[in-house]
Amino acid sequence: MRKTTLTAAVLTALLLGGCGAPPPGGTSELQGAASASRLPSSAAETVRFELDSDRRSDSVSADDGTLLASYTYTIPVLRAVTESGAVLETAATQAQQRALDAADAFNAELASWVENMNFPEIFDWARSDYQTLDGDVEWTGYYSEEFTYTFWRTERLISVAGDYYSYTGGAHPSSTLVSWNFDLETGRFLHVTALGEDTEGFQAAVTEELIRQADRRAMDEDCAPPEMYWEDYRDVLAKWPDYAVTFSDSGMTVSYPAYELAAYALGPQVFELDLDFLEPYLSADGRELLGLPPV
């Protein structure tokens, strides 16, 4: 019997907006306590944000009980919450409406991403593949998908790092790293280069640093970079804003899934850029988004 479950568990108990700002950089406790969000004017006294998690799962089995396919998605959901702790559903003030609009924008983007998953089709593949098995061939594993995430936040920024795993047969599973960076004050998702005072200069500086780190990584393995990575690895690194870019107390992380830069056996390629590197390129708004004090 096919079953569907939908649960929601509050991941964070956020501070009230009127209780003061967090230390520079926000908090880095993933899936844990996060700092209060800041809203314009007096809204911080009456509205705050909480990040919940919706867990969605489904599975399908053959008539003989063999599990054919399953998925589990754990999806972040942003809630606007009143000072009393009630989820805000209708707005009584302009500030509350801005908070609702921000939460709706965040949730619509995440919902759209989930809706693009093709697991109903994968269920059909699994049924078909199982039915066409030769009698001497054993069904050794079921098709599966999983999505999990971690997050980090400051007063203004929620940075979500997502990990999407999929297995639909073949030699090995596939995985994709994704990210979302959301400005709670404007209610919009950020293009990460917007944190720079000079966006083109910021992008170029990060590209240069990624190439330096990649070349050093190859040298540490006694390997020439064009032998360790694909020939166009520098071009791929230059497109870093299109990949998974997230933030934390320590700085910025740029992640490339397996196959993007090198062979699958080398796995995802993850690069860390610390705050000392980032700070000279940040705009005043970029510093505020990352929870850094003004210069």
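Residues numbered from 1 in each chain as written. Predicted model: local features only at pLDDT ≥ 70, side-chain atom pairs only at ≥ 80, totals over all residues. Heavy atoms only, no water.

A. The overall build of the protein chain, seen in detail. For the protein chain, the count of helices and strands is seven helices and 10 strands. Per-residue burial for the protein chain yields a buried fraction of 44% across its 295 residues. Across the protein chain, contacts joining residues at least 24 apart in sequence account for 63% of those joining residues at least 6 apart. In the structure as shown, the protein chain presents an accessible area of about 15100 Å², 49% of it carried by carbon and sulfur atoms. (Helix = DSSP H or I, 4+ residues; strand = E, 2+ residues; numbered from the N terminus. Buried < 20%, exposed > 50% of the residue type's maximum accessible area, 1.4 Å probe, protein only. Contact = heavy atoms within 4.5 Å. Areas by Shrake-Rupley, 256 points an atom, 1.4 Å probe, with all protein chains shown as cover.)

B. Layout of the pattern of salt bridges. All told, the structure shown has nine salt bridges when counted by the stated rule. As a salt-bridge pair, Arg156 and Asp285 come within 2.6 Å of each other at their nearest N and O atoms. With Arg156 in the loop between strand 4 (143–153) and strand 5 (157–167) and Asp285 in helix 7 (residues 284–289), this pair connects stretches of sequence that are 129 residues apart. Residue classification places Arg156 among the buried residues on the basis of a relative accessible area of 2%. By relative accessible area, Asp285 is classed as partly exposed at 37%. With a closest N to O distance of 3.2 Å, Arg234 and Asp215 form a salt bridge. Of this pair, Arg234 sits in helix 5 (residues 233–238) while Asp215 sits in helix 3 (residues 199–220), and the two are 19 residues apart along the sequence. On the basis of relative accessibility, which here comes to 15%, the residue Asp215 falls in the buried class. Among the charged side chains, a network of salt bridges with common partners joins Arg156, Asp183, Asp285 and Glu288. (Salt bridge = Lys/Arg side-chain N within 4 Å of Asp/Glu carboxyl O.)

C. Quick peek at the side chain of Thr207. Relative to the helices and strands, Thr207 resides in helix 3. Of note is the side chain of Thr207, whose polar atom sits 2.9 Å from the backbone oxygen of Gln203. When neighbours within four sequence positions are excluded, Thr207 is seen to be in contact with Leu237, Ala238 and Trp240. (Polar contact = N/O pair within 3.5 Å; in protein donor to acceptor, adjacent residues only side chain to side chain.)

D. Inspection of the sheet that holds strand 10 (residues 269–274) at higher detail. With antiparallel pairing, three strands are arranged side by side in an open sheet as 8-9-10. Unpaired on one side and paired on the other, strand 8 (244–248) and strand 10 mark the two borders of the sheet. Sheet twist, expressed as the mean angle between neighbouring strand axes with direction ignored, is 20°. The sheet strands contacting helix 3 are strand 9 (251–256) and strand 10, and the helix crosses strand 10 at an angle near 125°. (Pairing = 2+ DSSP bridges. Axes fitted to C-alpha atoms, helices over the stretch in contact; angles between N-to-C directions.)

E. Structural view of helix 3. Here helix 3 spans 32 Å end to end across 22 residues, near enough to the 32 Å set by a 1.5 Å rise per residue. All of the buried residues in helix 3 are Phe202, Ala205, Val206, Thr207, Glu209, Leu210, Ile211, Gln213, Ala214, Asp215 and Ala218. Considering only its buried residues, helix 3 is in contact with helix 4 (225–228), helix 5, strand 9, strand 10 and helix 6 (275–278). Residue Asp222 follows helix 3 closely and has a positive phi angle near 55°. (Expected span 1.5 Å × (residues − 1).)

F. Layout of the packing of aromatic side chains. All chains considered together, the criterion is met by 18 aromatic pairs. Ring geometry for Phe147 against Trp180: centres 6.2 Å apart, planes inclined by 80°, an arrangement best described as edge-to-face. Remark: Trp180 occurs in strand 6 (residues 174–183) and Phe147 occurs in strand 4; sequence separation between them is 33 residues. Each member of the pair, Phe147 together with Trp180, is buried. Joined through ring pairs, the aromatic side chains of Trp113, Phe147, Tyr164 and Trp180 make up one cluster. (Phe/Tyr/Trp six-rings, centres within 6.5 Å; stacked < 30°, edge-to-face > 60°.)

G. View of unusual backbone geometry. Residue Asp222 is not a glycine yet carries a positive backbone phi of 55°. Here Asp222 is to be found in the loop between helix 3 and helix 4.

H. Expanded view of the pairing of strand 2 (residues 47–61). Across the 15 residues of strand 2, 11 count as buried, placing the element largely inside the fold. Where strand 2 lies against strand 3 (residues 67–82), 15 bridges are found, and the strand directions are antiparallel. Along strand 3, the bridge assignment pairs Asp52 with Val77. The antiparallel hairpin formed by strand 2 and strand 3 contains five residues in its connecting segment, where Gly65 sits at a positive phi of about 95°.

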